[in-house]
Amino acid sequence: MINLDLRYAKLNEDLESYQEKVSKAHKDLHEKTGAGNDFLGWVDWPLNYDKEEFDRILALTERMKGKYDTVLVCGIGGSYLGARAALEMINGLYPETGIEVIFVGNTFSHTYISQVLKHIQDKEVVLNVISKSGTTTETSLAFRIFKQFMEEKYGAEAKDRIYATTDKARGTLKDLADKEGYEEFVIPDDIGGRYSVFTAVGLLPLSLAGVDITALMKGSLDAYNDLNTDDLKVNPAYQYAVARRILDNMGYKAEYFVTYHLQLTMIAEWWKQLFGESEGKDGKGILPTSACFTTDLHSLGQFIQEGSKVEYETILYVDEMADDMIFPSDDEDLDHMNYLAGKKLSWVSQMAFEGTLSAHSEDGGNPNIVIHLKDNTAYSFGYMIYFFFLACGMTCYLLDINPFNQPGVEVYKKKMFKLLGKE
Ligand code: PA5
């Protein structure tokens, strides 16, 4: 399902020297003995996920079928990025389902919030508010506004169209949902935001948007089984984790996560959060950044090829993206493009990938890591996400970092609350 290609001799040479450390960290992840071990619930979640709640998500989707054309998803960070990344990868940017999913609660932009409000006036809407803490300001602010919109539009029926995903026992959102009588879904105590896409946090919005969440969970389970080995020779997630540490030690402090399709750019955003929030601590870590080729070769390509050498590239290459097409011939050939006539667009893209890989790694001397994923189905999404969870946990443990907290994020909140006059 996933093949790793390490395009840098040193990575292959040094890999095995990490075997002992990897074996220890593998044990710490699976036996829940490592740093932040009260947040390791995601490790065996594909095996142990809440089946009753999963069925409730499917039942809700079935019950509401035909009654909505717009899903408002209100959340930020880990309560937002996974669902959006999945949606764009699997359903595309202009989905055939006819269901529009709009993400709110991820910004204070009054312009965006006002425009969404205008846009949904005549739509049939359901609203899923997602917050583990129940008090995240961006989410709470947007939720009040869109809750009032729902109440004005639907009156007493609004409560059947609003779903809350939050802590099972406590918090402001939990109390509010209890009082209003919303259907509730749980974010487990031992799964942090950015590791939560396989819980109701991701599954409910995805199911409402028409994604096959059964296939998605099967992908995560197969990844769990395939990658449940500490043997570095056969575990691509751990090979990727180690490659990052080797490059870090060599002074490569920035990682470009590269994709070749615009509908994968949110995967890169999700990946940036996972690695950035998990690893960037104690003055350590690799800066996670991203690019979508070939689009960004016309902006960042020059720097990557010839600029200062601080970065390496990790390319997520999806071998069989959906909806391929043949480039048409033209009798007059005024644009001189007939040399591509009859070729698949996927082949054009592949040649661009191979040419760029050669230019950047051979001519430019940049380390390149290629992660080949089979396709962009829900199953493959589930598989890939678990691969990155595991790689992230491993790479952080190899750096002696607790991957499951984010103390630095609190600093901006404190300063902002002071300015806003929050008690
Ligand atoms: O990964 C994380 O823990 C964070 O990014 C959170 O998901 C984000 O801050 C949102 O938090 P909450 O779900 O409590 O609103």
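Conventions used here
- Residues numbered from 1 in each chain as written.
- Predicted model: local features only at pLDDT ≥ 70, side-chain atom pairs only at ≥ 80, totals over all residues.
- Heavy atoms only, no water.
- Pairing = 2+ DSSP bridges.
- Helix = DSSP H or I, 4+ residues; strand = E, 2+ residues; numbered from the N terminus.
- Axes fitted to C-alpha atoms, helices over the stretch in contact; angles between N-to-C directions.
- Contact = heavy atoms within 4.5 Å.
- Domains from an automatic or database assignment.
- Buried area = accessible area lost by both parts, 1.4 Å probe.
- Salt bridge = Lys/Arg side-chain N within 4 Å of Asp/Glu carboxyl O.
- Polar contact = N/O pair within 3.5 Å; in protein donor to acceptor, adjacent residues only side chain to side chain.
- Buried < 20%, exposed > 50% of the residue type's maximum accessible area, 1.4 Å probe, protein only.
- Phe/Tyr/Trp six-rings, centres within 6.5 Å; stacked < 30°, edge-to-face > 60°.
- 1 Å grid on protein atoms, 1.4 Å probe; cavity = no way out; pocket = protein on both sides within 12 Å on 5 of 7 lines; lining within 4 Å.
- Points joined across faces, edges and corners; volume = space filled by probe spheres on them.

Moving on: the sheet that holds strand E8 (residues 287-292). Reading across the sheet, the 5 strands line up as E1-E10-E9-E7-E8 and stay open at both edges, with mixed pairing between neighbours. The open sheet has two edge strands with one neighbour each: strand E1 (2-7) and E8. On average, each strand axis in the sheet is inclined to that of its neighbour by 20°, with strand direction left out of account. Direction of pairing for strand E7 (residues 254-259) relative to strand E9 (residues 311-320): parallel, over a ladder of 5 bridges. Directly across from Phe 257, in E9, lies its bridge partner Thr 314. Against the sheet, helix H12 (residues 265-279) contacts E7, E8 and E9, and its axis sits at roughly 175° relative to E8. Most of the contacts of helix H14 (residues 345-363) go to E9, to which it runs at about 160°, and overall it touches E1, E9 and strand E10 (368-375).

Turning next to the sheet that holds strand E2 (residues 70-74). Pairing is parallel across the open sheet formed by 5 strands, whose spatial order is E3-E2-E4-E5-E6. For this open sheet the edge positions go to strand E3 (100-104) and strand E6 (183-186), each flanked by a neighbour on one side alone. Strand-to-strand twist across the sheet, computed as the mean angle between neighbouring axes with direction ignored, equals 20°. Strand direction decides the pairing type here: E2 and strand E4 (residues 125-130), joined by 5 bridges, are parallel. Residue Val 73 lies in a different strand from E4, and its bridge partner there is Asn 128. Packed onto the sheet, helix H4 (residues 51-64) meets E4, strand E5 (162-166) and E6 and runs at close to 145° relative to E6.

Moving on to the domain arrangement of the protein chain. Per the domain assignment, the segments of the protein chain are domain 1 (2-34 + 218-398) and domain 2 (45-211). Across the boundary between the two partners, domain 1 contributes 28 residues, which contact 21 residues of domain 2. Carbon and sulfur atoms make up 72% of the area that domain 1 and domain 2 hide from each other, which totals about 2,100 Å². Three residues stand out in domain 1 for area buried against domain 2, namely Gln 263, Met 266 and Phe 381, and they jointly supply 29% of the buried area on that side. Taken together, domain 1 and domain 2 are joined by 1 salt bridge. When the shortest N-O distance is used, the salt bridge between Glu 277 and Arg 194 registers 3.0 Å. At the boundary of domain 1 and domain 2, one finds 6 residue pairs in polar contact (both at pLDDT 80 or more). Contributions of two or more residues to the side of domain 1 that touches domain 2 are made by helix H10 (213-226), H12, E10 and helix H15 (378-398). Top element by residues in the side of domain 1 that touches domain 2 is H12. It accounts for 9 residues.

Among the secondary structure elements, Ile 385 is positioned in helix H15. Overall, the relative accessible area of 0% leaves Ile 385 in the buried class. Spatially, the C-alpha atom of Ile 385 lies 9.0 Å from that of Phe 198, the residues being 187 residues apart in sequence. Ignoring anything within four residues of it in the chain, the contact list for Ile 385 reads Val 197, Phe 198 and Trp 270.

Another point: the packing of aromatic side chains. This structure, assessed with the given rule, holds 28 aromatic pairs. Centroid distance Tyr 260 to Phe 293: 5.8 Å. Interplanar angle 85°. Geometry classified as edge-to-face. Of the two residues, Tyr 260 is situated in the loop between E7 and H12 and Phe 293 in the loop between E8 and helix H13 (301-306); the sequence distance between them amounts to 33 residues. A relative accessible area of 8% places Tyr 260 in the buried class.

Time to look at empty space enclosed by the protein. In total, this model carries 2 cavities of 30 Å³ or more according to the counting rule given. Its volume calculated, the largest cavity comes out at about 50 Å³. Every residue lining the largest cavity is listed: Trp 45, Tyr 49, Asp 50, Glu 53, Phe 54, Ile 57, Phe 198, Thr 199, Ala 200 and Leu 203. At the level of secondary structure, the elements contributing two or more residues to the lining of the largest cavity comprise H4 and helix H9 (200-208). Approximately 30 Å³ is the volume attributed to the second largest cavity.

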